[in-house]
Amino acid sequence: MVTLAEVAQHAGVSASTVSYVLSGKRSISAGTRQRVEQSIRELGYHPNAGARALAGKRSNIIALMIPLRTDLYVPVMMEIAIAVATTARTHGYDVLLLTGEEGPDAVRRVTGSGLADAMILMDVELEDERLPLLRGTDQPSVLIGLPADTGGLTCVDLDWSATGALCGEHLAGLGHRDIAVIGEAPAVYERHTGFAERTLDGLRSAARETGVRLLHRPCEGGYDAMALTLARVFDERPGTTGFVVQNESAVEPLLALLRQQGRAVPEDVSVVAICPDQVAVQASVRLTSVAIPAQEMGRRAVERLVAKLDGRGGDEVVLLAPELTRRASSGPAPAAD
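The following paragraphs examine the structure supplied in this document. For clarity, every value in this text was computed on a predicted model and none was experimentally measured. (Residues numbered from 1 in each chain as written. Predicted model: local features only at pLDDT ≥ 70, side-chain atom pairs only at ≥ 80, totals over all residues. Heavy atoms only, no water.)

## Topic: the overall build of the protein
Counting its regular elements, the protein contains 14 helices and 12 strands. Its C-alpha atoms give the protein a radius of gyration of 26 Å, clearly above 20 Å, the size a compact globule of 337 residues would have. Projecting the C-alpha coordinates of the protein onto the three principal axes gives extents of approximately 95 × 35 × 30 Å. Residues classed as buried in the protein amount to 50% of the 337 residues present. If you take every contact in the protein between residues at least 6 apart in sequence, the share linking residues at least 24 apart comes to 71%. (Helix = DSSP H or I, 4+ residues; strand = E, 2+ residues; numbered from the N terminus. Rg over C-alpha atoms; globule rule 2.2 N^0.38 Å. Buried < 20%, exposed > 50% of the residue type's maximum accessible area, 1.4 Å probe, protein only. Contact = heavy atoms within 4.5 Å.)

## Remarks on the packing of helix α8 (residues 160-173) against helix α10 (residues 194-210)
At their nearest, the axes of α8 and α10 sit 6 Å apart, and the two run at 40 degrees to each other. The handedness of the crossing between α8 and α10 comes out as right-handed. Contacts between α8 and α10 involve Trp 160, Ser 161, Gly 164, Ala 165, Cys 167, Gly 168, Glu 169 and Ala 172 on the former and, on the latter, Phe 195, Arg 198, Thr 199, Gly 202, Leu 203, Ala 206 and Thr 210. Residue composition of the contact of α8 with α10, by class: 7 nonpolar, 6 polar and 2 charged. (Axes fitted to C-alpha atoms, helices over the stretch in contact; angles between N-to-C directions. Left-handed = near helix turned anticlockwise from the far one by under 90°. Nonpolar A, V, L, I, M, F, W, Y, C, P; charged D, E, K, R; others polar.)

## A closer look at the side chain of Thr 288
Looking at the secondary structure, you find Thr 288 in strand β10 (residues 288-290). Look at Thr 288 and you get buried, because its relative accessible area is 0%. At a separation of 2.8 Å, a polar atom in the side chain of Thr 288 contacts the side chain of Ser 330. Apart from residues no more than four positions distant in its own chain, Thr 288 is found in contact with His 170, Val 271, Val 272, Ala 273, Leu 324, Thr 325, Arg 326, Arg 327, Ser 329 and Ser 330. (Polar contact = N/O pair within 3.5 Å; in protein donor to acceptor, adjacent residues only side chain to side chain.)

## Quick notes on the side chain of Thr 240
Of note, Thr 240 is situated in the loop between α11 (223-236) and β8 (242-245). When near neighbours in sequence (up to four residues on either side) are disregarded, Thr 240 contacts Asp 178, Ile 179, Ala 180, Val 233 and Phe 234.

## Looking at the pattern of salt bridges
Tallied over the entire structure, the rule returns 19 salt bridges. Put simply, Arg 130 and Asp 128 hold a salt bridge, and the shortest N to O gap is 2.8 Å. Where Asp 315 meets Lys 308, a salt bridge forms, and the shortest distance between an N and an O atom there is 3.3 Å. Three or more residues are tied together by salt bridges with common partners; here these are Arg 69, Asp 71, Asp 123, Glu 125 and Arg 191. (Salt bridge = Lys/Arg side-chain N within 4 Å of Asp/Glu carboxyl O.)

This is the structure:
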């Protein structure tokens, strides 16, 4: 890797002169500046992020805080992260991934280090502990997620409340009167993660408006956990004919268990999922679903962040409208015996 000293030697100037050319903090003659810039190009010199930060220049790095928790569906998180990285690259930025569950400490590390020009935060909770720090810094940031209070923040997300309502209204419109929601792992609700809480709010709102009975049961996912959850559902609500699933790891176990119990989908039971299209179309029964627009969420977050970096954007909330695709898993409620 080429060093600043090597650039100075190549250009026939001192290291401090090269530093002043890079920082713009002192007036340098046009001839000297041209020699230094030519040496930089010929040698392929790239000042490191720390040096640029010290010089008051941009690092051209965006920090992406994406806690990789075992109770969330990592492929969706990574699809968003890839969209962030590819979009950032088109704007001349690289992405620094912070995958630990550090909370406010991660924000302090980024704002205090100068390693990144701006931040994108994921896995947003309704009362997220990171938010006071974001509101207290001049460093631009965007949330992929929606906290309870969006004041002073820029947020991009799927409209999860509308998503829940759309699923509930679809099943109610097909005549289902008892609907069970197979949710994320219990820890997701214990953290009051925004997307899960808002989906549930939308489902409950739709249930009230349509006169449907709604039962929500968190589930760890996997066959054994789903078997216990399904048994509880039918014990509590034997007449359940509609399911909304917001847990990708529970989708196939649910379908398998319904088959084993002799409950045909969609003749006896209808299933609607909130999941990536790939999960919906590759399931053993092609699922009616609301897709998660992961790529669009990542792209829009970067575009809002770059606008803020360029002084063109203020705080705003961007909610993407959900779209329900009807496939083979939902149909009219069975006639009452």
